[in-house]
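Remarks on the overall topology
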Amino acid sequence: MNFSANKIKSVSVTADTLKVELKDGRVLQSPLSLYPTLAKATPKQRTKWEPCGAGTGVHWPLLDYDLSVAGLLRGEAEAPGIQLARKPAKYPGHKTGKPHVLAEEPGSAETQDSSPPARLKSSSLVDTRVIYCGDNLEQLKKLPDACVDLIYIDPPFNSNRNYEVFWGETKEKRSFEDRHASTQAYIEFMRPRCVELARVLKKTGSFYYHCDWHASHYVKVMLDQIFGENNFINEIVWKRQTSHNDAKQGSKHYGRLHDVLLFYCSGSEDYTWNQQYVSLDQTYIDSHYSQVDENGRRFQWGDLRAPGGAAPSKGNPHYVVLGVDGYWRYTQEKMEQFIREGRVTIPPGGAVPRYKRFLDESKGLPVGSVWDDINPINSQAKESLGYPTQKPLPLLERIIQTSSNENDIVLDAFCGCGTALVAAQKLKRQWIGIDISPTACRVMAKRLRDVCGIPEDEELWKIGRGFVSRNLPWTEEKLRAIPPFEFENWAVIALGGIPNKTKVGDWGIDGRIFPVGAEPAAFKETELALEERWYPIQVKQKDKVGRPDIDAFETAMRRSKREKGFFIAFDYTEDALREIDRFFKEDHAVIIPLTVNEILDEQIARKLS
Ligand SMILES: C[S@@+](CC[C@H](N)C(=O)[O-])C[C@H]1O[C@@H](n2cnc3c(N)ncnc32)[C@H](O)[C@@H]1O
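Residues numbered from 1 in each chain as written. Predicted model: local features only at pLDDT ≥ 70, side-chain atom pairs only at ≥ 80, totals over all residues.

Focus on the sheet that holds strand 2 (residues 17–22)
Here is the rule we go by: Pairing between two strands requires that DSSP report at least two bridges joining them. Per the convention used, a helix needs a DSSP run of H or I reaching at least four residues, while a strand needs a run of E reaching at least two, with both numbered from the N terminus. Between N-to-C directions, angles span 0 to 180 degrees; the directions come from axes that are lines fitted to C-alpha atoms, helices contributing only their stretch in contact.
Ordered in space as 1-2-3, the three strands form an open sheet in which the pairing is antiparallel. At either margin of the open sheet sits one strand with a lone partner, and together these are strand 1 (8–13) and strand 3 (27–31). Averaged over all adjacent pairs, the angle separating strand axes in this sheet is 15°, with direction ignored. Two strands pair when backbone bridges link them, and strand 1 and strand 2 are joined in this way by five bridges, in the antiparallel orientation. Residue pairing in the sheet places serine 10 in a bridge with glutamate 21 of strand 2.

Things to note about helix 20 (residues 574–587)
For clarity, the threshold we go by: Here a helix's expected span is defined as the number of its residues, less one, multiplied by 1.5 Å. Three exposure classes are used, all based on how many other C-beta atoms lie within 10 Å of a residue's own C-beta (placed from the backbone): buried at 20 or more, exposed at 12 or fewer, and partly exposed between those limits. Within this analysis, the arc is defined by the directions that extend from the helix axis to the C-beta atoms. By the convention adopted here, residues make contact when the C-beta atoms placed from their backbones lie within 7 Å.
With 14 residues, helix 20 extends 19 Å from end C-alpha to end C-alpha; this agrees with the ideal 20 Å at 1.5 Å per step. All buried positions along helix 20 are accounted for by Ala576, Glu579, Ile580 and Phe583. Along helix 20, the residues classed as buried sweep out an arc of 105° about the axis, all on the same side. Those residues of helix 20 that are exposed and angled more than 90 degrees off the buried face are Glu574, Asp581, Lys585 and Glu586. Turning to helix 20, the residues buried within the fold contact helix 19 (547–559) and strand 28 (590–595).

Thoughts on the nonpolar core
Applied cut-off: We define the nonpolar core as any set of buried residues of the types Ala, Val, Leu, Ile, Met, Phe, Trp, Tyr and Cys, connected via C-beta atoms lying within 7 Å of each other. The domain boundaries here were taken from an automatic or database domain assignment.
Ranked by size, the top nonpolar core spans 84 residues in total, and within it Val148, Ile151, Leu197, Val200, Tyr209, Leu223 and Met444 carry the most contacts. At eight residues, helix 8 (residues 183–200) tops the list of elements feeding residues into this core. Each of domain 1 (3–73) and domain 2 (94–276 + 369–470) contributes no fewer than three residues to this core. When near neighbours in sequence (up to four residues on either side) are disregarded, valine 200 contacts Leu140, Leu143, Asp145, Ala146, Cys147, Val148 and Leu411. Counting 31 residues, the second-largest nonpolar core is a separate cluster that includes Phe514, Tyr535, Val539 and Phe553.

Examining unusual backbone geometry
In this structure, arginine 129 is a non-glycine residue whose phi angle is positive, near 55°. Its place among the elements puts arginine 129 in the loop between helix 4 (109–113) and strand 7 (130–133). For arginine 129, a count of 22 C-beta atoms within 10 Å puts it in the buried group. The phi angle at lysine 544 is positive, at roughly 50°, despite the residue not being glycine.

Some remarks on helix 19
Note: α-helices contain 3.6 residues per turn, so residues at a spacing of three or four share the same orientation. In a regular helix each residue adds 1.5 Å, so 13 residues correspond to 18 Å; helix 19 covers 18 Å between its end C-alpha atoms and thus fits that length. Among all positions of helix 19, only Asp549, Ile550, Phe553 and Met557 are buried. An end-on view of helix 19 places all buried positions within 95° of arc, on one side of the element. Pointing more than 90 degrees away from the buried face of helix 19 are the exposed residues Pro548, Thr555 and Arg559. On its buried face, helix 19 sits against strand 26 (535–539), strand 27 (564–569), helix 20 and strand 28. Phi for lysine 561, located one or two positions after helix 19, is positive at around 55°.

Describing the sheet that holds strand 7
Strand-to-strand pairing in sheets goes through backbone hydrogen bonds, with the strands running parallel or antiparallel. Spatially, nine strands are ordered 20-10-11-9-8-21-22-7-23 in an open sheet, and the strand pairing comes out mixed. Each of the sheet's edge strands pairs with one partner strand only, and the pair in question is strand 20 (370–371) and strand 23 (468–470). Sitting on the sheet, helix 8 touches strand 8 (148–153), strand 9 (201–211) and strand 21 (409–412), and the angle it makes with strand 9 is about 145°. Here helix 14 (residues 438–452) sits on the sheet in contact with strand 7, strand 22 (430–435) and strand 23, set at roughly 165° to strand 7.

Pasting the structure below:
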């Protein structure tokens, strides 16, 4: 059921029933026993309600409690461990009571206006296993407060000029250059989105922002302002390059080898944390587990003396172990058990009892803040879908395993080809994905079906199985009907290009595509440097593109000195295809004729790579 379709008219709670009347006339009745918070409430607390979630949820202000119509329709019970409200930091440094220096920095109006509401409500129910196609700012506003457990985002970076539009970043029909002209513009784009993300995160939730050196420091300051700098937990360095790096011959900088993940909790020390471990490498084993016992088991000696020793404030147990009098870190009973198990002994040549920590009982090393054990996606990898910004599954699996539990809700609001959703599904979490690009949404839907084997099916989804996609705008039929200018924009963006702003003096070229990895050679990036490497795109909203259309495009390619170009239409005549062939053989230039159906096809990435 569409989240926004279920507007509430009235709500009543009796001793044993919750009754919700919808504006379209439906009446939903559920036993009150499904909602312990309501069942335990006083009549006064139950009576006072207000609509929330754009009218599709009920909020009981005296209880600080929400239910969504979508959840009621599915007959879901109150989620265990429902969280109460938190008070987020209005300014970083709020715990000290002093205004933070950053709060005094001149900032955009949004710095003040977009801070999260002072009081956040909790919500137990929200639609999950849904891919929303659209601008995440709009989609997030439709979600109730405090409804997800883990958020991961990997927004397009400042530097991804070719990727930005590849994924449909021109919704407002502003060119990339306008929007991302500076880091400030990037931060201004991200700020209201992060404010919404902070709002929808549960009190026990965690937030990960994936970025790189281009903007990470500015992003950190922005996130400190939104989440509170005291809620910053870690900067994680993901070493994404192995042997290859970007320090080419003659460059005057260190190779840029890593991405940064900024990790925040939502304000409670009680945030979900499942310690993950990495296996010990041989060098570590050789240096740290150098002892071998009589059964051939490798071990290392561990300290048994209590930290703080005899200090009365520590209250450490004091007794004799193997003839040695001391203050120990375990109770006497526990120590005796260790001795019986052969785990405590005095090492040869030693004077103090020590603990044998066996290698075969080690879980490994707790994962630290430098992740160099997860390789980036290589184009030949089985999981590769051909998208340049696709992140490896193990990276998302680590984040999800650490910061959520089974059935928790994971949200990725910039989900690209859906790595976070696939990882969440595999790990038995609930998930919500948002992406502005219809192409990305189709690709991730196919991936979920193929990799996770879950059906995309409205009816099954309603009974708690499968998943659904919402707001996907395009079908061939609709594309035939939209105005030519809209069609051109759609086609260029779907291909990963940038639509031409001017229609005059462009030799009939409708857009440009920058090849993946097109980085300006010079250290100081300029738009001009990038301008040198692009392919033209020509769009015709018609069937049977003929030879004259191809001739015109060839002229445009010659004049702009391009050796490769893309043509998009519904269909081509035989004559047109023969001309494309001739152009290649005689002029050594390539025109790739694409049909609308091919672009709608989820395999488009492979055809372009
Ligand atoms: C770097 S990619 C994410 C890749 C993803 N982590 C993966 O592994 O596939 C960024 C994504 O953000 C999407 N995006 C950009 N602006 C957006 C917006 N305003 N709302 C929703 N999605 C957006 C782009 O379409 C793109 O798919």
